[in-house]
Protein chains: 2
Amino acid sequence: MVKVAILGYGVVGSGVAEVLANHLESIAKRAKEEIRIKYILDIRDFPDSPFADRFTKSFDQIVNDPEVQVVAEVMGGLDPAFDYVKRCLLAGKSVVTSNKELVAAKGAELLKIAQEKNVNFLFEASVGGGIPIIRPISQCLAANDVIEIAGILNGTTNFILTKMIREQMSFEDALALAQKLGYAERNPAADIEGHDACRKICILSSLAYGKHVYPEQVHTEGITKITLQDVEYAASWGGVIKLIGQVKKLDDGRIDVVVAPMFIEENSQLANVDDVFNGILVRGDATGDVVFYGKGAGKLPTASAVVADIIDCVKHFKARKYLYWEDGAEQYVLPYEDSVVSMYIRGHAQDVDAAAEKAGDLFGKIRRLYRDGADEQEFAFVTTQEMKVREIQEKVEALQKSGVSVDSMIRVSDL
Amino acid sequence: MVKVAILGYGVVGSGVAEVLANHLESIAKRAKEEIRIKYILDIRDFPDSPFADRFTKSFDQIVNDPEVQVVAEVMGGLDPAFDYVKRCLLAGKSVVTSNKELVAAKGAELLKIAQEKNVNFLFEASVGGGIPIIRPISQCLAANDVIEIAGILNGTTNFILTKMIREQMSFEDALALAQKLGYAERNPAADIEGHDACRKICILSSLAYGKHVYPEQVHTEGITKITLQDVEYAASWGGVIKLIGQVKKLDDGRIDVVVAPMFIEENSQLANVDDVFNGILVRGDATGDVVFYGKGAGKLPTASAVVADIIDCVKHFKARKYLYWEDGAEQYVLPYEDSVVSMYIRGHAQDVDAAAEKAGDLFGKIRRLYRDGADEQEFAFVTTQEMKVREIQEKVEALQKSGVSVDSMIRVSDL
């Protein structure tokens, strides 16, 4: 019998306890060992929980108990999660986590400790909830060079954008609805500002290319500035707006990584990933495009991914798993201004035709977009010639100097 | 250094050699060992191959060489593949294969030998080509009860159906085009009669539910009888026709498994899986729907999956992998006639309104379908009340006795 501890009894933690208890037999069959919860760490009391006798408020009790072989960290946040996970690994316990903030900030460091202590540190649940993605990238695609990963990595923002696209709901109304339905937190910043998606693309990048990418290295835009006008222009262009986390390997060994709303063509595999669903595209040199799709969050999907990692730890006490990446480096990420992209630009001017002509002069070929109900001073276009973000910014400044107001800029994806 | 042998130098085999040679360094890094091809078994000569010095015509040389630790069987077919694989496992070598016919027919037996000999028998490439699916089901979804698996498992038939749907090409023309493009073989029976998809759903069923399902236990229909009329009626119903392999767990412990063309609703995740792509939906009790999408065949995707398995073997010489299922049983699969379904039925009659009325009397509520250009004697409908296939067959007989000719019957999926 293997004894495990769960750190944190929030949504995911209670789900992990539930899955372990409800699938006791089938899990024992798969793990070839019975798996029992010995402790649940939480500062709150849960006298009515079916696990009431397992609760403790003392982390030391857990870390000092040699019977505990696997620890599931599902508290979230860095403090005290980082300290706890580190101490568990140093104490020779395997750790699994759903904590994307922790893995994105401290993955390399924790993987190194795990390697030194010959234990496992697994985190399938940190990206994509119940969608298998960490393991497929690290194992199944091992014989591939990953050319690019791009994904809709955050369900909350995807729900909001879907409501804006399909039902012409305003951003504010869609956010309020997401909060009402429990898809968005009261403080939704981590989702709508793109930080959550950023952590996930950091984890995927680190895994795919073997070197840690830190959230502060990634240019990150949220969806708070997206308006219904933009959504309409995207439709007239032939697509939709999605919040995309994307990383590409460059020929010089660096990576180009970004989180931003993007215009996505209608026939792209990611364009139809709607509502709270996530979709992750992995482009390999041998496999071509492989897409993983499913609910990217939620109590049971995430909990089941955590439990799958626990099972994997139990099966691999002797043989460590494969997961590893090196520390990051300062010059490893291409500066955002050097990314080469096309851009959608919306603005207004006294004379929109003159403004469009000016834009054409500046950007080379442009494609003007139109929408019903636009007032006479509004205009929009996409640049059709790719150029560095830096150049686009310079040209936008020049456009503004000529008397045009630029109200919105959104990347045009090549997905 | 680990030495491997490749059995068969056809499309996949030459791809495996190519991937191993081209990714030598990155594979060594991932496997933590250099992986070298020692032998390639083929009855043909390849004097101009870069691997010319590794070819042998003697299987005995391979199986008797203790240096060979991993064997990749990529010959296809049962004879001599089964004998070779069995002897390699008995000789204590790990085996990986892309051979779905072998795994579908002999999986339980070979997995048992692998277990006894404490070696690995892996077959990620046998389903979905380069799409990771075997491992995600067995590992990542380990904490789930798999309620259902349904997939577009054969790229050739999906290409043909896509051409029929999107370009109104006839079945015969689409097949000829598929052959011209190399997507279909000169003898296309295994694809178009559904046998290939059948082998794959057998493997997925065996894996998901732990008991072997044999191809002869699975009701299998191909797409040779699908006409452009059917495609048009599917569109007027609000969907498309796809060849689906599907398995569901029943409450009594049996499974309901089938391969057949089905009407799929337009907004289903599988409806937009087009051309040679595969899409596989796994419905778990905790994760909900997870979909895997990508190219299901092809030299390099399949080869990269084989090589990923080789890497996994090399990493797990000490700790055997998880894959295992029991022998099958005769009563384990629900008889097809007991499946409960809705059905699309197309026929012709002197008086189509009278025929439709008769159908309504027999089937309860029906929904009539219409298409442009139908002649006066043609009619089609879907039954809206689910019933056993056996009952539907009886009612169809009754309908025919009333003077109606039934020309086509296609299942209506609930996907």
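Calculation criteria
- Note on numbering: residues in each chain are counted from 1, in written sequence order.
- The order in which chains are written sets their letters, starting at A; the order in which ligands are written sets their numbers, starting at 1.
- Confidence filtering applies because this is a predicted model: local features only for residues at pLDDT of at least 70, side-chain atom pairs given and counted only at 80 or more, and all residues used for totals across whole chains, interfaces and linings.
- Excluding hydrogens and water, the side-chain figures rest on all heavy atoms present in the structure.
- Helix numbers and strand numbers start at the N terminus; a helix is a DSSP run of H or I with at least 4 residues, a strand a run of E with at least 2.
- Restricting the calculation to C-alpha atoms gives the radius of gyration, and the globule rule supplies 2.2 Å times the number of residues raised to the power 0.38.
- For every residue, the accessible area (1.4 Å probe, protein chains only) is compared with the maximum for its type, and the residue is labelled buried under 20%, exposed over 50%, or partly exposed between those bounds.
- By definition in these notes, contact holds between two residues if any of their heavy atoms fall within 4.5 Å.
- For the area figures, the Shrake-Rupley method with a 1.4 Å probe applies, and any residue is considered shielded solely by the protein chains shown.
- When charges are counted, Lys and Arg contribute as positive and Asp and Glu as negative, whereas His and the chain ends are disregarded.
- Every charge is mapped to an atom, namely NZ of Lys, CZ of Arg, CG of Asp or CD of Glu.
- Distance and chemistry together define a polar contact, namely a pair of N or O atoms within 3.5 Å, with one atom able to donate a hydrogen and the other to accept it when in protein, and with adjacent residues in sequence counting only for side-chain atoms on both sides.
- When the copies are superposed, the least-squares fit takes in the C-alpha atoms of residues with a pLDDT of at least 70 in both.
- As a working definition, buried area equals the accessible area (1.4 Å probe) given up by two parts on being put together, with both sides summed.
- The definition of a nonpolar core used throughout is a set of buried Ala, Val, Leu, Ile, Met, Phe, Trp, Tyr and Cys residues joined through side-chain atoms within 4.5 Å.
- Note on scores: pLDDT gives the predictor's confidence for each residue, bounded by 0 and 100.
- Pairs of strands are assigned from DSSP output, requiring at least two bridges between the strands.

Asks: Account for the overall build of chain A, naming residues and giving values.
Replies: Broken down by element type, chain A carries 14 helices and 17 strands. Relative to the 2.2 N^0.38 estimate, which gives 22 Å for 415 residues, the radius of gyration of chain A is 23 Å and therefore close to what a compact globule would have. C-alpha atoms of chain A, sized along the principal axes, occupy 75 × 45 × 35 Å. Of all 415 residues assigned to chain A, the portion counted as buried reaches 58%. By sequence separation, contacts in chain A at least 24 residues apart represent 73% of the contacts at least 6 residues apart. When the accessible surface of chain A is summed, it comes to about 16300 Å², and 46% of that surface belongs to carbon and sulfur atoms. Looking at chain A, you have 47 positive and 61 negative side-chain charges, and the mean spots of the two groups are 7 Å apart.

Asks: Help me get a handle on the side chain of Lys 242 of chain B, residues and values and all.
Replies: For Lys 242 of chain B, the location among the structural elements is in strand 9 (residues 239–249). Here the side chain of Lys 242 of chain B touches Asp 274 of chain B through a polar contact of 3.0 Å, side chain to side chain.

Asks: Which residues make up the environment of Glu 221 of chain B, and what are the values?
Replies: Residues and elements named next belong to chain B. Position of Glu 221 relative to the elements: it lies in the loop between strand 8 (219–220) and helix 11 (228–237). Overall, the relative accessible area of 25% leaves Glu 221 in the partly exposed class. Residues Glu 221 and Cys 140, 81 residues apart in the sequence, show an inter-C-alpha distance of 31 Å. Here His 219 takes part through its side chain, which lies 2.8 Å from a polar atom of the side chain of Glu 221.

Asks: Please provide a residue-by-residue account of the relation of the copies chain B and chain A, values included.
Replies: Note on the chain copies: they are related by a rotation about an axis and a translation along it. The operation relating chain B to chain A is a screw motion whose rotation component is 180 degrees, with 0.0 Å of axial translation and a residual RMSD of 0.0 Å. As the rotation angle and translation indicate, the two copies are arranged about a two-fold axis. No C-alpha of chain B approaches the rotation axis more nearly than that of Phe 292 of chain B, which lies at 2.4 Å. Of the residues that chain B buries at the interface, 100% are likewise interface residues in chain A, meaning the two copies contact each other through the same surface.

Asks: Any details on the interface of chain B and chain A? Residues and values, ideally.
Replies: Contacts between the two partners involve 42 residues from chain B, matched on the other side by 42 residues from chain A. The junction of chain B with chain A conceals about 3600 Å² of combined surface from both sides, 55% of it contributed by carbon and sulfur atoms. If you sort the residues of chain B by the area they bury against chain A, Cys 140, Ala 143 and Tyr 293 of chain B come out on top, with a joint share of 16%. Between the two partners, chain B and chain A, sit 15 residue pairs in polar contact (both at pLDDT 80 or more). At the level of secondary structure, the elements contributing two or more residues to the side of chain B that touches chain A comprise helix 2 (24–31), helix 6 (134–140), strand 12 (288–295) and helix 12 (299–315) of chain B. Looking at the side of chain B that touches chain A element by element, the count peaks at eight residues for helix 12 of chain B.

Asks: Tell me what's going on with the nonpolar core, and back it up with residues and numbers.
Replies: Counting residues in hydrophobic clusters, the biggest one holds 305 residues, and the most contacted among them are Ile 310 of chain A together with Ile 310 of chain B. Filtering out sequence-adjacent residues up to four positions away, Ile 310 of chain A remains in contact with Val 4, Val 16, Leu 20, Ile 35, Val 70, Ala 72 and Val 96 of chain A.

Asks: A description of the confidence of the model for chain A should follow, citing residues and the corresponding values.
Replies: Residues at a pLDDT of 70 or more form 100% of chain A, whose mean pLDDT is 95. For this predicted complex, the interface confidence reaches an ipTM of 0.91, while the overall pTM sits at 0.94.

Asks: So what's going on with the sheet that holds strand 2 (residues 35–41) of chain B? Which residues, and what values?
Replies: Residues and elements named next belong to chain B. Pairing is parallel across the open sheet formed by six strands, whose spatial order is 3-2-1-4-5-6. The open sheet has two free edges, formed respectively by strand 3 (55–56) and strand 6 (121–122), since each of these has just one partner strand. Where strand 1 (residues 2–7) lies against strand 4 (residues 68–73), five bridges are found, and the strand directions are parallel. Residue pairing for strand 4: Leu 7 is matched across the bridge by Glu 73.

Asks: Outline the side chain of Thr 157 of chain A, supporting the account with residue identities and numerical values.
Replies: All names here are of chain A. For Thr 157, the position within the fold is in helix 7 (residues 155–167). A polar side-chain atom of Thr 157 sits 2.7 Å from a polar atom in the side chain of Asn 154. Once residues lying within four places of it in the same chain are set aside, the contact partners of Thr 157 are Asp 191, Ile 192, Ile 223 and Leu 243.

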